[in-house]
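Here are the chains, one letter per residue:
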Amino acid sequence: MKSASAPTPSFRLPLQITPERRRVLFSYVILLAVYAGCVAVSRDFLSWSTVRLQLVQAAFIGVIAIGETFAILIGQIDLSAPWTITLSAILATNLAAQFNAQWIAFAVAIGVGVGVGLLNAIGVFALRVHSLIWTLSVNLLLQGVALIYSNAVAPTTRIPPVAGFLALGNIGPAPAAFALWAVCAAVAIGALRLSPFGRLVYAIGNRPAAALLSGVRLGRVYTAVFVASGLCSALVGLLLAGYASQAYLGMGNDYLLPPIAAVVIGGAPLTGGVGGYVGSVAGVLVVVLLQAMLVSLDVSEGARQMIFGALLLALAFAFIKRSR
Amino acid sequence: MTPAESRLAALRRVPVARRLADRAGPLSCAVGLAVVVGLYALRQPLILSPFGLASLANVSVALALAAVGQSIVLLAAGLDLSIGGQITLINCVAATTMGASGLSVATVVVACLLIGLCTGAVNGLIVAYGRVEPLIATFCTAFIFTGAALVILPRPGGAIPDGFAAALTESWGPLPLSLVLLAGAVLLVWIPVFGSPLGRYIVAVGDDAESARLSGLPVRRVELASYMLAGLFAAVAALFLAAETTSGDPGVGQIYTMNSIAAAVLGGVSLSGGRGTLIGPILGSFVLAIVMNALGVFNVSAFWQNFIEGLILMVVLGLGGLRLLAAGNWLALFRQ
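Given the structure is predicted, the values throughout are model-derived calculations rather than measurements.

**So, the overall build of chain A**
Here is step 1 of the chain: Each helix and strand in chain A was counted, giving 13 helices and two strands.
Here is step 2 of the chain: For 324 residues, the compact-globule estimate of 2.2 N^0.38 gives 20 Å, and the C-alpha radius of gyration of chain A, at 19 Å, lies within 12% of that figure.
Here is step 3 of the chain: Each principal axis of the C-alpha atoms in chain A carries an extent, and together these give about 55 × 50 × 40 Å.
Here is step 4 of the chain: Expressed as a percentage of its 324 residues, the buried residues of chain A come to 56%.
Here is step 5 of the chain: Within chain A, contacts between residues separated by at least 24 positions form 78% of all contacts whose residues are at least 6 apart in sequence.
Here is step 6 of the chain: Total accessible area on chain A is roughly 13,200 Å²; 68% of this is exposed by carbon and sulfur atoms.
Here is step 7 of the chain: The average position of the 18 basic charges and that of the 7 acidic charges among the side chains of chain A differ by 18 Å.

As structure tokens, then:
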């Protein structure tokens, strides 16, 4: 039953264990197991400096996973993240260098995010192309744009100090990137649980035809979701530029699968309508820790891809809606 | 003719406009192919020589094979995003194991075709029996296949004997051998399959899986078979690519996933299943591949190629969407 996805009516005890909550709980159990596994592989995972590193990495994937969670909740997917990240980083830092103004970088990143989001929404909503195929094509197009723009020469960049601070700095004991992620996560969870937007997202994910007949403006919600997703990726592009102190072609290539895996591990089936960002947070941490574990185990790139694919498949199995 | 028979005949008669609409994909592809080759020949007349035709065929045949495989899955209302991964894996296996002797070449060719059937069967089992959505299932297996290829061959390398390469890529008189390979694959696989009940079952399942199930068709086995056939075509494409480049490359298959879908859609195969022809996707792949090849020949910068490729994909996919929009009202789009 998908109806469990609606916010729990107020007369129920807040701690009642719905199937929904069990899934989220399950993803946090996986997180604990994976962290235990990491500690077993290497004692380094007990030290704050290692954990801090993972939290920064988790922040990057986590912010992309916000948009991905929205997209998956309406039963779609957004695979245009890698080159949105790269294009946003290259355009923003390069234009900031040319015009010698920090705010330009942020304006350009927002522009790229909104533009990509609108392009995705046009294809997925207006033209009814399956989002997986369409957003992959958009990704290819963006790759082309990035290549043409940079002409395969490392562009002169100016990293906005704010982006550098957000990626590398500290707020109190916590990394600034993590703090930023926490704020974004709170906004995302609030938007999904408390706002009308969230209810429309779940309505569309559960049954688009019913949502349409109930008068939901599907186009607006699709557009909002894809624009949010584009904005998240573009923001991460800027953060990554700050993190590496440069913007380069292919910098977003590692960010295609991890955010999706995070959402699925977080308990949201790719068919949409079920799940939320609380689970995705656990999923993000699981993915980041798994990556770190595979790195410290010295597993080759090929084996890493195989493990990731198999893991995602296993989770798709575990969460499948058995209706056919 | 009795009145009943004439009524039946009238029912069977498909209106001309409808028949034309069904053939719109292949027809427009044929026109497009003529235009593309014509423009190409204006700039580079040598392209009409036997050598030029062979080179055009060589750049197109791998995509055509992949697109035919993709079309079989699409006809059954599935989707195979792992075509590129399968091609990559089999290409790497072929390049690392194919020795120089005739016996080892023959063994490896047969083994590669079997691997194609197996990878296809993995997809088919997960989709048909595991009930995972085709899109998700093959998206995941694509990573597994590509990862396996990287394990076998981390960077481009391996070796393909010259004799094998020549047998697939050179010309026999004016006839490019790659076209013979394509025709052979079609004659030995597509024609028998689609002349048999299996072919009709594939189309029936793709048209409406529920009706097919209620009519007593073995829906799951049919879906499994469609993925296995796609894997077989991917294997042939991979062997051809190995012959064309005389080496293996763990990145070789990547572009074939999206391009095979685009070629199939361009050739009039419906993404929602049950409708399509054989000739459409083949012509569609020739148009796509020759356009991409021409970009390089006409000195279009390599940096523009991704952009133009993405743009072509989006326009083709968008056109398919427009056709869907014309088909019915908004609610019909959600009915499944």
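**Considering the overall build of chain B**
Here is step 1 of the chain: Secondary structure summary: chain B contains 16 helices and two strands in total.
Here is step 2 of the chain: Across the 336 residues in chain B, those meeting the buried criterion constitute 51%.
Here is step 3 of the chain: Of all intrachain contacts in chain B linking residues separated by at least 6 positions in sequence, the fraction that spans at least 24 positions is 78%.
Here is step 4 of the chain: Carbon together with sulfur atoms contributes 68% to the accessible area of chain B, which is approximately 14,800 Å² in total.

**What to know about the interface of chain B and chain A**
Here is step 1 of the chain: Counting from both sides, the interface comprises 44 residues of chain B and, opposite them, 47 residues of chain A.
Here is step 2 of the chain: Buried surface at the junction of chain B and chain A, summed over both partners, amounts to about 4,100 Å²; 81% is from carbon and sulfur atoms.
Here is step 3 of the chain: At the surface where chain B touches chain A, the tally comes to zero salt bridges.
Here is step 4 of the chain: Counting across the interface, chain B meets chain A through zero residue pairs in polar contact (both at pLDDT 80 or more).
Here is step 5 of the chain: Only α6 (102-129), α7 (134-152), α12 (219-245), α13 (254-266), α15 (302-327) and α16 (330-334) of chain B provide two or more residues apiece to the side of chain B that touches chain A.
Here is step 6 of the chain: Among the elements that take part in the side of chain B that touches chain A, α15 of chain B stands out by supplying 14 residues, more than any other.

**Description of the packing of helix α4 (residues 102-126) of chain A against helix α5 (residues 131-150) of chain A**
Residues and elements named next belong to chain A.
Here is step 1 of the chain: Taken N-terminus to C-terminus, the directions of α4 and α5 make an angle of 140 degrees; their axes are 9 Å apart at the nearest point. As summarised for this structure, α4 and α5 are arranged oblique, according to the angle between their axes. Crossing angle aside, the handedness with which α4 passes α5 is right-handed. Note on element contacts: α5 touches α4 through S131, W134, T135, V138, L141 and L142, opposite V116, L119, N120, G123 and V124.
Here is step 2 of the chain: Split by residue class, the contact of α4 with α5 holds seven nonpolar, four polar and no charged.

**Side note on helix α2 (residues 48-73) of chain A**
Residue and element names in this part refer to chain A.
Here is step 1 of the chain: In α2, a bend of some 30 degrees at I66 exceeds every other bend along the element.
Here is step 2 of the chain: Most of α2 is tucked away, with 21 of its 26 residues classed as buried.
Here is step 3 of the chain: Positive phi shows up at G75, right after α2, with a value of about 80 degrees.

**Considering the nonpolar core**
Nonpolar side chains tend to gather and get buried jointly when the protein is soluble and globular.
Here is step 1 of the chain: W181 and Y277 of chain A together with I87 of chain B are the most contacted members of the largest nonpolar core, which has 211 residues in total.
Here is step 2 of the chain: Looking at this core element by element, the count peaks at 17 residues for α12 of chain B.
Here is step 3 of the chain: Other than its neighbours up to four places away in sequence, Y277 of chain A contacts G62, V63, A65, I66, T69, W181, A185, A188, I189 and L192 of chain A.

**Structural notes on the packing of α2 of chain A against helix α7 (residues 176-194) of chain A**
Residue and element names in this part refer to chain A.
Here is step 1 of the chain: At a closest axis distance of 8 Å, the pairing of α2 and α7 adopts a crossing angle of 20 degrees. As summarised for this structure, α2 and α7 are arranged roughly parallel, according to the angle between their axes. Relative to α7, the crossing made by α2 is left-handed. Here L55, V56, A58, A59, G62, V63, I66, F70 and L73 of α2 lie close against α7, whose contacting residues are A177, F178, W181, C184, A185, A188 and L192.

**Considering a nonpolar patch on the surface**
Here is step 1 of the chain: Among the surface-exposed residues, V31, V35, L39 and L42 of chain B lie close enough to one another that they form a single nonpolar patch of about 420 Å² accessible area.
Here is step 2 of the chain: Inspection of the secondary structure assignment puts L39 of chain B in helix α3 (residues 24-43).

**Quick look at the pattern of salt bridges**
Residues and elements named next belong to chain A.
Here is step 1 of the chain: Scanning all chains against the criterion turns up two salt bridges over all chains.
Here is step 2 of the chain: Linking E301 and R304 is a salt bridge whose minimum nitrogen-to-oxygen distance equals 3.2 Å. Separated by three residues within a single helix, E301 and R304 lie in helix α13 (residues 301-318), roughly one turn from each other.
Here is step 3 of the chain: The exposure class of E301 is partly exposed, given its relative accessible area of 41%.

**Thoughts on the side chain of S80 of chain A**
Here is step 1 of the chain: Examined against the element boundaries, S80 of chain A turns out to sit in the loop between α2 and α3 (81-99).
Here is step 2 of the chain: Beyond its immediate sequence surroundings of up to four residues, S80 of chain A is in contact with V116, N120, T135, V138, N139 and L142 of chain A.

**A word on the packing of aromatic side chains**
Residues and elements named next belong to chain A.
Here is step 1 of the chain: Applying the stated criterion to the full structure yields seven aromatic pairs over all chains.
Here is step 2 of the chain: Between F70 and F197 the ring centres are 5.6 Å apart and the planes differ by 75 degrees, which places this aromatic pair in the edge-to-face class. Placement of F70 in helix α2 and of F197 in helix α8 (residues 196-206) is noted, with a sequence separation of 127 residues between them.
Here is step 3 of the chain: For the pair F125 and Y222, a centre-to-centre distance of 5.2 Å together with 45 degrees between the ring planes defines the contact as tilted. Of this pair, F125 sits in helix α4 while Y222 sits in helix α10 (residues 218-244), placing them 97 residues apart in sequence. Judged on exposure class, the residue F125 and its partner Y222 are both buried.

**Notes on helix α12 (residues 277-296) of chain A**
Here is step 1 of the chain: With 20 residues, α12 of chain A ought to run about 28 Å at 1.5 Å a step, and its terminal C-alpha atoms sit 28 Å apart, in line with that.
Here is step 2 of the chain: Counting buried positions along α12 of chain A gives 15 out of 20 residues, so the element sits mostly inside the fold.

**Description of the confidence of the model for chain B**
Here is step 1 of the chain: With 88% of its residues at a pLDDT of 70 or more, chain B has an overall mean of 85.
Here is step 2 of the chain: Per the prediction output, this complex has pTM 0.80; the corresponding ipTM is 0.80.

**As for the environment of G111 of chain A**
Here is step 1 of the chain: Relative to the elements of secondary structure, G111 of chain A occurs in helix α4.
Here is step 2 of the chain: Distance in space between the C-alpha atoms of G111 of chain A and V288 of chain A is 29 Å, their sequence separation being 177 residues.

**Focus on unusual backbone geometry**
Here is step 1 of the chain: Notably, N100 of chain A is not glycine yet its phi reads approximately 55 degrees, a positive angle.
Here is step 2 of the chain: With respect to the secondary-structure elements, N100 of chain A resides in the loop between α3 and α4.
Here is step 3 of the chain: Positive phi values are uncommon outside glycine, yet R131 of chain B reaches one of about 60 degrees.
Here is step 4 of the chain: Inspection of the secondary structure puts R131 of chain B in the loop between α6 and α7.
Here is step 5 of the chain: Since its relative accessible area comes to 26%, R131 of chain B is described here as partly exposed.

Cut-offs used in this document
- Residues numbered from 1 in each chain as written.
- Chains lettered and ligands numbered in written order.
- Predicted model: local features only at pLDDT ≥ 70, side-chain atom pairs only at ≥ 80, totals over all residues.
- Heavy atoms only, no water.
- Helix = DSSP H or I, 4+ residues; strand = E, 2+ residues; numbered from the N terminus.
- Rg over C-alpha atoms; globule rule 2.2 N^0.38 Å.
- Buried < 20%, exposed > 50% of the residue type's maximum accessible area, 1.4 Å probe, protein only.
- Contact = heavy atoms within 4.5 Å.
- Areas by Shrake-Rupley, 256 points an atom, 1.4 Å probe, with all protein chains shown as cover.
- Lys, Arg positive; Asp, Glu negative; His and termini not counted.
- Charge placed at Lys NZ, Arg CZ, Asp CG, Glu CD.
- Buried area = accessible area lost by both parts, 1.4 Å probe.
- Salt bridge = Lys/Arg side-chain N within 4 Å of Asp/Glu carboxyl O.
- Polar contact = N/O pair within 3.5 Å; in protein donor to acceptor, adjacent residues only side chain to side chain.
- Axes fitted to C-alpha atoms, helices over the stretch in contact; angles between N-to-C directions.
- Parallel < 35°, antiparallel > 145°, perpendicular 65-115°, else oblique.
- Left-handed = near helix turned anticlockwise from the far one by under 90°.
- Nonpolar A, V, L, I, M, F, W, Y, C, P; charged D, E, K, R; others polar.
- Bend = angle between axes of the 7 residues up to and from the residue.
- Core = buried A, V, L, I, M, F, W, Y, C linked by side-chain atoms within 4.5 Å.
- Patch = residues over 30% accessible without salt bridge, like charges linked within 9 Å, V, L, I, M, F, W, Y side chains within 5 Å.
- Phe/Tyr/Trp six-rings, centres within 6.5 Å; stacked < 30°, edge-to-face > 60°.
- Expected span 1.5 Å × (residues − 1).
- pLDDT = per-residue confidence, 0-100.

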